[in-house]
Amino acid sequence: MLLLPQAIVDGLLIGGIYITIAIGFSLAYGVMHIIDFAVGEWIMLGAFLGYYLNHWFGWEPFLFLPLIFLVFYAVGFCMQPIIHSVLSGRRGNPVLMGLVFTFGLALMFRGLALTGFGFFSRSISSALAKGSWFFQFGDLFVTVPYIRFAGLCYALAITGGLHYLLKKTDFGLAVQALAQHKDSAGLMGINAKRISSHVYGIYVAISAMTGTIFGCIFSISAQMGPDLTVFAFFVVVLAGMGYLAGVPWAAFLLGFVQSFFLIYLSPAYTLLAVFAMLYAILLISPKGLFRKGV
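Residues numbered from 1 in each chain as written. Predicted model: local features only at pLDDT ≥ 70, side-chain atom pairs only at ≥ 80, totals over all residues. Heavy atoms only, no water.

## Section: the overall build of the protein chain
Across its full length, the protein chain holds 11 helices and two strands. Secondary structure elements of the protein chain occur, N-terminal to C-terminal, as α-α-α-α-β-β-α-α-α-α-α-α-α. Since a compact globule built from 294 residues should have a radius of gyration of about 19 Å, the 19 Å found for the protein chain is in line with a globular shape. Dimensions of the protein chain, computed from the C-alpha atoms along their principal axes, are close to 65 × 50 × 35 Å. (Helix = DSSP H or I, 4+ residues; strand = E, 2+ residues; numbered from the N terminus. Rg over C-alpha atoms; globule rule 2.2 N^0.38 Å.)

What follows is the structure in structure tokens.
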């Protein structure tokens, strides 16, 4: 019981990381209906851009987030027409074609990263990584590292920003209309291709910024992508495919499960517990925790 408060706090902090890994992925699926196997590689590329900017200029990595957003937004915006061409230009199942294309994209990015960055792990230097808050309540102790708290704040800011964008702006209304029914949205004068390009650009940019935050907390490498893709997919499926509001709750649930296993049991069984939980929940509710997924 002495470790219970720390387990809860760690679950919240870990869940914050998973929110940022999965929320852009969920947004892209909700609009484009594409399962992007390259989400981990977008995070990896953003992490390396943050690493080199930090290495060259020596500034706090959080200061580079706007620049990283703009760079990867442009990349994603330009990439989406290619994905659209792949999905619509061939016969067959568009979802399957999207899986194959993004899987190939992930392999290409990983190969290029291994060639350019090598096999060695790196970490991004941040002043926030050097300290933590320490709280004591009688016999109970809780430690909150500055950098992980900053990551949680970043996750909440991204979640709040997307909520405002989708609920309070004309662009958000167009995104919701497109997600609900593409043909009807087109009849209302919504340019589906352009909106999809903006959405994919936002998704890629959020993923890249997350890579920089991730690199301040953990080590990064050219081979980090597949594990992050697995966790992003887990959170999105658990929340309900395309149901953006469920992502934070699913991410925190995953964070709590991982934290409790790390503290009370064995890290070796964490993935087993995570996927057993996913399997059990999907047996009961195939559309996710809130039964609102696609």
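## With respect to the layout of surface pockets
The volume enclosed by the largest pocket comes to roughly 500 Å³. Lining of the largest pocket is provided by 24 residues; of these, L166, K167, G242, L244 and A245 occupy positions nearest its centre. Elements supplying a minimum of two residues to the lining of the largest pocket: helix 1 (4–32), helix 5 (146–168) and helix 6 (170–180). (1 Å grid on protein atoms, 1.4 Å probe; cavity = no way out; pocket = protein on both sides within 12 Å on 5 of 7 lines; lining within 4 Å. Points joined across faces, edges and corners; volume = space filled by probe spheres on them.)

## Observations regarding helix 1
Taking 1.5 Å per residue as the helical rise, helix 1 with its 29 residues ought to reach 42 Å, and the 41 Å between its terminal C-alpha atoms agrees with that figure. Counting buried positions over the 29 residues of helix 1 gives 25, a clear majority of the element. At the C-terminal side of helix 1, H33 shows a positive phi close to 55 degrees. (Expected span 1.5 Å × (residues − 1). Buried < 20%, exposed > 50% of the residue type's maximum accessible area, 1.4 Å probe, protein only.)

## Here we look at the nonpolar core
Counting 93 residues, the largest nonpolar core has W42 and V235 as the members making the most contacts within it. Sort the elements by how many residues they give to this core and helix 1 lands first, with 15 residues. Excluding its chain neighbours within four sequence positions, the residues that come into contact with V235 are Y18, A22, V247, A250, A251 and L254. (Core = buried A, V, L, I, M, F, W, Y, C linked by side-chain atoms within 4.5 Å. Contact = heavy atoms within 4.5 Å.)

## Some words on helix 10 (residues 247–264)
An ideal rise of 1.5 Å per residue puts 26 Å on 18 residues; helix 10 measures up with 26 Å between its terminal C-alpha atoms. In this structure, the buried side of helix 10 is in contact with helix 1, helix 5, helix 9 (225–239) and helix 11 (270–284).

## Quick look at the pattern of salt bridges
Taken as a whole, this structure holds one salt bridge when the rule is applied. In this structure, R110 engages E41 in a salt bridge whose closest nitrogen and oxygen atoms are separated by 3.1 Å. Of this pair, R110 sits in helix 4 (residues 94–117) while E41 is found in helix 2 (residues 39–57), placing the two residues 69 residues apart along the sequence. For E41, a relative accessible area of 0% translates into the label buried. (Salt bridge = Lys/Arg side-chain N within 4 Å of Asp/Glu carboxyl O.)

## Topic: the packing of helix 1 against helix 6
Contact pair helix 1 / helix 6: the axes reach a minimum separation of 7 Å and the direction vectors enclose 60 degrees. Considering their axes alone, helix 1 and helix 6 lie oblique with respect to each other. Across the interface between the two elements, L27, G30 and V31 from helix 1 touch V175, L178 and A179 from helix 6. When its residues are assigned to classes, the contact of helix 1 with helix 6 shows five nonpolar, one polar and no charged. (Axes fitted to C-alpha atoms, helices over the stretch in contact; angles between N-to-C directions. Parallel < 35°, antiparallel > 145°, perpendicular 65-115°, else oblique. Nonpolar A, V, L, I, M, F, W, Y, C, P; charged D, E, K, R; others polar.)

## A few points about the packing of aromatic side chains
Applying the stated criterion across every chain yields a total of 16 aromatic pairs. Arranged with centres 5.1 Å apart and planes meeting at 80 degrees, the rings of Y51 and Y52 form a pair that is edge-to-face. Here W59 and F64 contribute two aromatic rings whose centre-to-centre distance is 5.7 Å and whose plane-to-plane angle is 5 degrees, an arrangement assigned as stacked. You can call W59 partly exposed: its relative accessible area is 49%. (Phe/Tyr/Trp six-rings, centres within 6.5 Å; stacked < 30°, edge-to-face > 60°.)

## Thoughts on the confidence of the model for the protein chain
Averaged over every residue, the pLDDT of the protein chain is 85; residues scoring 70 or more account for 96%. Within the protein chain, the element-level pLDDT minimum falls on helix 7 (residues 182–187), averaging 72, and the maximum on helix 2, averaging 93. (pLDDT = per-residue confidence, 0-100.)

## What about the pairing of strand 1 (residues 132–137)?
In the sheet, strand 1 pairs with strand 2 (residues 140–145) via six bridges, with the strands oriented antiparallel. Bridging across to strand 2, F137 finds its partner in L140. Counting the residues between successive antiparallel strands, the hairpin from strand 1 to strand 2 contains two residues, one of them, G138, with a positive phi of roughly 70 degrees. (Pairing = 2+ DSSP bridges.)

## Observations concerning a nonpolar patch on the surface
On the surface, a cluster of nonpolar side chains totalling about 540 Å² of accessible area is made up of W56, F57, W59 and L63. With respect to the helices and strands, the residue L63 is situated in the loop between helix 2 and helix 3 (65–88). Note on L63: relative accessible area 60%, which makes it exposed. (Patch = residues over 30% accessible without salt bridge, like charges linked within 9 Å, V, L, I, M, F, W, Y side chains within 5 Å. Areas by Shrake-Rupley, 256 points an atom, 1.4 Å probe, with all protein chains shown as cover.)

## Notes on empty space enclosed by the protein
Overall, the coordinates contain one cavity of 30 Å³ or more when judged by the stated rule. Considered as a void within the structure, the largest cavity measures approximately 40 Å³ in volume. Taken together, G16, I17, T20, G151, Y154, T210, I213, F214 and I217 form the lining of the largest cavity. For the lining of the largest cavity, the secondary structure elements donating two or more residues are helix 1, helix 5 and helix 8 (192–217). Of the residues forming the lining of the largest cavity, the biggest block, four residues, is contributed by helix 8. Considering only residue class, the lining of the largest cavity consists of five nonpolar, four polar and no charged.

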